[in-house]
Amino acid sequence: MNLFPEVKNHKYKLFTFKIIFLYLLIGFIWVVFSDSIFTERNSNPAYFEVFVHYKRFINILFTASLLYLLISKTFQQIKTQKSLNTGIDNWKFVLEGPGDGLWDWDLQSNKLTRSERWKEIFGYSNLELGTAPEDTHKLIHPEDSKKVLKDIEDFIAGKMAVLFSEFRMLCHDGSWRWVSSRGMLFSDTAGGKPTRIIGTHTDISVLKLSEDKYFQLAHYDQITQLPNRALFLDRFALDIKRCMRMGNSITLLYLDLDEFKEVNDTLGHMMGNVLLKEVGTRLTSSVRATDTVARIGGDEFVIVLNNLNKNFTAEISAQAILTKLAEPFQLGNDTAHITCTIGISTYPEDGTDIEVLLSNADQAMYAAKLLGKNRYNYFTASLQKIATERMHLVNDLRVALHRNEFQLFYQPIFNIHTGEVHKAEALIRWMHPIRGMVSPGDFIPIAESTGLIVEIGNWVFEEAVRQAVIWRKQDPNFQISINKSPVQFKLGLKHIGWIEYLRQLDLPGSSIVIEITEGLLLDAKSPVIKKLADYRDAGIQIAIDDFGTGYSSLSYLRKFEMDYLKIDQSFTSNIATSASDMALCEVIILMAHNLGMKVIAEGIETQKQLDLLLNAGCDLGQGYFFSKPVTATAFEKNIFKLN
């Protein structure tokens with residue numbers, strides 16, 4: 001079977017028949033009627049012989065002319081045929097070159113022929129497929145069939161310059177292959193009627209697989225297989241448009257896992273990923289199929305709830321999620337327990353813009369965390385005000401250090417037995433140009449959450465050390481305590497720089513005490529332990545601040561060999577009226593002494609509190625009873641009696 005049959009010029013055959021017919025007709029008339037006509041016009045026999053003589057030459061000339069016309073036309077047709085055959089050969093080379101399957105559809109006979117390569121690609125033999133176009137069309141995937149027919153109709157109607165269509169085709173082995181179909185239309189030259197389509201089928205299954213994988217990577221989270229932020233934003237935008245038309249509302253849940261970091265740090269990132277995947281599964285099972293669950297980063301998830309009703313409210317959904325995630329997670333041989341905190345915003349009540357709704361839900365979630373986590377909270381206008389103020393505070397905090405708006409105050413630490421002062425705690429204050437003095441309780445948590453605490457903490461250290469150089473000239477044993485946030489231990493890279501700075505100023509490590517929180521000991525990983533060891537090796541002393549409010553155990557206290565233990569002022573302030581608080585203080589002091597630590601009581605405000613602490617054996621104290629935090633100048637005047 002030849003996919004490209006030779007072109008047969010039917011007009012040339014008709015032309016040949018016309019020439020022969022004309023020759024026979026003229027020849028017949030010439031032979032039958034020429035003699036009688038000549039005799040009627042000229043009866044002289046002598047002229048008749050001459051006429052017959054010329055008649056033969058005319059016969060020869062006429063025959064030669066017809067033969068010349070026929071032969072020249074034949075050569076012209078042969079030349080045209082060769083040119084067409086060359087063009088077809090070129091087409092065959094172009095189409096067969098890439099190894100595509102070729103097909104030829106004769107529109108007049110409605111027969112479709114296919115190349116051997118086509119049959120190899122799809123695995124069919126000559127006996128399995130007929131020549132009817134329907135035999136091929138029935139192999140097209142049902143979901144693609146309608147579109148393919150529409151493309152062919154548009155192409156034949158002249159709406160498409162080149163036939164192009166992509167669809168799935170059934171192979172002999174039962175598999176589906178993605179196919180790219182291209183075709184060229186040939187028409188009747190005279191009438192312009194379509195007569196033939198020649199085209200190719202290209203196997204693009206690998207390309208489609210790559211496109212699917214790229215789409216998966218670009219739009220889905222690779223750990224949970226949930227939609228990622230990009231796909232979530234697209235879907236959320238469509239949900240909002242639909243609700244705008246129908247006048248419905250949408251509820252957005254913003255979730256953050258509460259103890260995920262601890263699981264990640266203790267069991268490793270691999271188990272952390274297993275946990276995230278299981279969280280995704282539980283979230284999906286807690287909502288309806290019409291709702292969208294997405295992971296937008298880290299341990300943060302979002303859920304879009306559509307068409308809520310009395311049987312499926314936001315509260316029901318949020319509570320179901322809290323309950324589901326509170327169940328234990330089996331991670332290999334370990335069992336993990338986590339909770340989540342949820343912020344809720346609603347379209348259009350809380351905003352009509354996607355980013356606004358996300359921000360509002362995030363603010364509601366943050367407020368829920370401050371209330372104790374493992375709960376949900378709705379967005380309110382007051383939260384917006386708080387969030388706006390916090391944003392402004394963050395922006396101001398970023399430039400405060402460079403504008404020299406920070407100042408160190410110093411609170412003396414007294415030996416409550418002798419009344420002597422050889423120690424002071426450095427406390428940062430923010431002198432805001434508009435707000436005035438901003439409480440550390442307002443800006444330190446923000447500095448920690450934004451990472452600014454590292455740069456601020458380094459400034460505090462350097463300022464305090466420079467002050468220690470001055471005051472040690474008055475008292476060679478004077479010591480300044482500096483608070484160091486857990487965030488500084490985790491993010492700060494200059495802890496060795498602190499030690500080097502002391503050496504540059506020719507100060508011994510004992511001139512500094514670093515105060516840490518109890519929580520840091522519980523979360524002490526190798527980097528934290530290494531930093532604490534470096535400080536101890538440099539002679540820097542360590543104090544546990546706000547003891548009794550955290551979760552320290554005796555094993556941690558023995559392990560890290562602390563120098564000072566500071567009793568939190570929440571216990572000190574009540575020892576005069578609460579027997580239990582007094583008993584706790586006595587136990588803390590006894591325990592610290594047995595472990596070789598000295599005790600500093602914070603928040604001493606009355607003589608009675610001081611007397612009770614003295615009787616309990618406390619070593620050192622600080623509080624308003626002695627002195628509030630003051631500037632360096634006031635400290636020198638009050639403590640060192642310098643003018």
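Residues numbered from 1 in each chain as written. Predicted model: local features only at pLDDT ≥ 70, side-chain atom pairs only at ≥ 80, totals over all residues. Heavy atoms only, no water.

## Let's talk about the overall build of the protein chain
Along the protein chain, the regular secondary structure elements total 23 helices and 21 strands. For the protein chain, the proportion of its 643 residues judged to be buried stands at 42%. Residue pairs at least 24 apart in sequence account for 64% of intrachain contacts in the protein chain once pairs closer than 6 positions are excluded. Accessible area for the protein chain stands at about 35,100 Å²; split by element, carbon and sulfur atoms hold 58% of it. (Helix = DSSP H or I, 4+ residues; strand = E, 2+ residues; numbered from the N terminus. Buried < 20%, exposed > 50% of the residue type's maximum accessible area, 1.4 Å probe, protein only. Contact = heavy atoms within 4.5 Å. Areas by Shrake-Rupley, 256 points an atom, 1.4 Å probe, with all protein chains shown as cover.)

## Here's the deal with the packing of helix H8 (residues 260–267) against helix H9 (residues 269–286)
Taken N-terminus to C-terminus, the directions of H8 and H9 make an angle of 140°; their axes are 6 Å apart at the nearest point. On the basis of their axis angle, the class for H8 and H9 is oblique. For the pair H8 and H9, the contacting residues are Phe260, Val263, Asn264 and Leu267 in the first and His269, Met271, Gly272, Leu275 and Leu276 in the second. Residue composition of the contact of H8 with H9, grouped by class: six nonpolar, three polar and no charged. (Axes fitted to C-alpha atoms, helices over the stretch in contact; angles between N-to-C directions. Parallel < 35°, antiparallel > 145°, perpendicular 65-115°, else oblique. Nonpolar A, V, L, I, M, F, W, Y, C, P; charged D, E, K, R; others polar.)

## With respect to empty space enclosed by the protein
Applying the stated criterion across every chain yields a total of two cavities of 30 Å³ or more. Forming the boundary of the second largest cavity are Leu397, Arg398, Leu401, Leu452, Glu455 and Ile456. At the level of secondary structure, the elements contributing two or more residues to the lining of the second largest cavity comprise helix H12 (381–400) and helix H14 (452–471). The element contributing the most residues to the lining of the second largest cavity is H14, with three residues. Split into classes, the residues belonging to the lining of the second largest cavity amount to four nonpolar, no polar and two charged. (1 Å grid on protein atoms, 1.4 Å probe; cavity = no way out; pocket = protein on both sides within 12 Å on 5 of 7 lines; lining within 4 Å. Points joined across faces, edges and corners; volume = space filled by probe spheres on them.)

## Thoughts on the sheet that holds strand S6 (residues 250–257)
The five strands lie next to each other as S7-S8-S6-S11-S12, forming an open sheet whose pairing is mixed. Edge positions in the sheet fall to strand S7 (292–297) and strand S12 (376–378), since each has one partner strand and no second. The average angle at which neighbouring strand axes cross in this sheet is 20°, direction not considered. Relative to strand S8 (residues 300–306), S6 is paired through seven bridges, and the arrangement is antiparallel. Its bridge partner lying in S8, Thr251 is registered against Leu305. H9 rests against S6, S7 and S8 of the sheet, and its axis sits at about 10° to S8. (Pairing = 2+ DSSP bridges.)

## Overview of the side chain of His201
Along the chain, His201 turns up in strand S5 (residues 194–203). Overall, His201 belongs to the buried group, its relative accessible area being 6%. A polar contact is formed between the side chain of His201 and the side chain of Ser181, at a distance of 3.4 Å. Setting aside chain neighbours within four positions, we find His201 in contact with Asp100, Gly101, Trp103, Trp118, Ile121, Phe122, Phe167, Met169, Val179, Ser180 and Ser181. (Polar contact = N/O pair within 3.5 Å; in protein donor to acceptor, adjacent residues only side chain to side chain.)

## Observations regarding the pairing of strand S3 (residues 163–170)
The pairing of S3 with strand S4 (residues 176–187) spans eight bridges and is classified as antiparallel. Paired with Leu170 across the two strands is Trp176, which belongs to S4. The antiparallel hairpin formed by S3 and S4 contains five residues in its connecting segment, where Gly174 sits at a positive phi of about 95°.

## Remarks on the packing of aromatic side chains
Working definition: an aromatic ring pair is given by the centre-to-centre distance plus the angle between the planes. By the definition in use, this model includes 22 aromatic pairs. Geometrically, the ring pair formed by Phe406 and Trp430 is tilted, given 6.0 Å between the ring centres and 45° between the ring planes. Of the two residues, Phe406 sits in strand S13 (residues 406–415) while Trp430 sits in strand S14 (residues 421–432), which places them 24 residues apart along the sequence. When its relative accessible area of 7% is taken as the criterion, Phe406 is described as buried. Between Tyr410 and Trp471, the ring centres sit 4.9 Å apart and the planes meet at 70°, which makes this aromatic pair edge-to-face. Residue Tyr410 is located in strand S13, and its partner Trp471 is located in helix H14; the two are separated by 61 residues in the primary sequence. Trp471 matches Tyr410 in its accessibility class, with the two residues each being buried. (Phe/Tyr/Trp six-rings, centres within 6.5 Å; stacked < 30°, edge-to-face > 60°.)

## What about the nonpolar core?
With 76 residues, the main nonpolar core has Leu397, Phe406, Tyr410, Ile480, Ile516 and Phe635 as its most contacted residues. Residues within four places of Ile480 in sequence aside, it is in contact with Tyr410, Ala424, Ala426, Ala464, Gln467, Ala468, Trp471, Ser511, Ile512 and Val513. In this structure, Phe260, Leu276, Ile303 and Leu322 belong to the second largest nonpolar core, which totals 27 residues. (Core = buried A, V, L, I, M, F, W, Y, C linked by side-chain atoms within 4.5 Å.)

## Side note on the pattern of salt bridges
If charged atoms from side chains of opposite charge come close, those side chains can pair. Taken as a whole and judged by the stated rule, the model has 22 salt bridges. A salt bridge links Lys119 to Glu116; the nearest nitrogen and oxygen atoms lie 3.6 Å apart. One end of the pair is Lys119 and the other is Glu116, both in helix H3 (residues 116–122) and three residues apart, which spans about a single turn. Taking the relative accessible area as the measure of exposure, Glu116 reaches 52% and is therefore exposed. Of the charged contacts, one joins Asp534 and Lys530 as a salt bridge, the two residues approaching to 2.9 Å between their closest N and O atoms. Taken as a pair, Asp534 and Lys530 lie in helix H18 (residues 526–537) at a separation of four residues, close to a single helical turn. (Salt bridge = Lys/Arg side-chain N within 4 Å of Asp/Glu carboxyl O.)

## Section: the side chain of Ser180
Position of Ser180 relative to the elements: it lies in strand S4. The residues touching Ser180, leaving out its near neighbours within four places in the chain, are Phe164, Ser165, Glu166, Thr200, His201, Thr202 and Ile204.

## A closer look at the sheet that holds strand S1 (residues 101–106)
Strand order in this open sheet of five strands is S2-S1-S5-S4-S3, and the pairing throughout is antiparallel. A single partner strand is all that each edge strand has here, and the edge strands are strand S2 (111–114) and S3. Neighbour-to-neighbour, the strand axes of this sheet turn through a mean angle of 25°, independent of strand direction. Sheet strands in contact with helix H5 (residues 142–156) are S1, S3, S4 and S5, and its direction is about 155° off that of S3.

## A closer look at unusual backbone geometry
The residue after Tyr347, namely Pro348, is reached through a cis peptide bond having omega 5°. Examined against the element boundaries, Pro348 turns out to sit in the loop between strand S11 (340–347) and helix H11 (354–370). Its identity is not glycine, yet Asn110 carries a phi of approximately 55°, on the positive side. Within the element layout of this structure, Asn110 appears in the loop between S1 and S2. The backbone of Lys373 shows a phi angle near 65°, a positive value even though the residue is not glycine. In this structure, Lys373 sits in the loop between H11 and S12. Residue Lys373 is classed as partly exposed on the basis of its relative accessible area, which comes to 35%.

## Overview of the pairing of S1
Successive residues of a regular strand alternate their side chains across the two faces of the sheet. Across the six residues that make up S1, a large majority, five, are buried. Relative to S5, S1 runs antiparallel, the two being bridged by six bridges. Bridge assignment links Trp103 to a residue of S5, and that residue is Gly199. Here S1 pairs with S2 via four bridges, running antiparallel.

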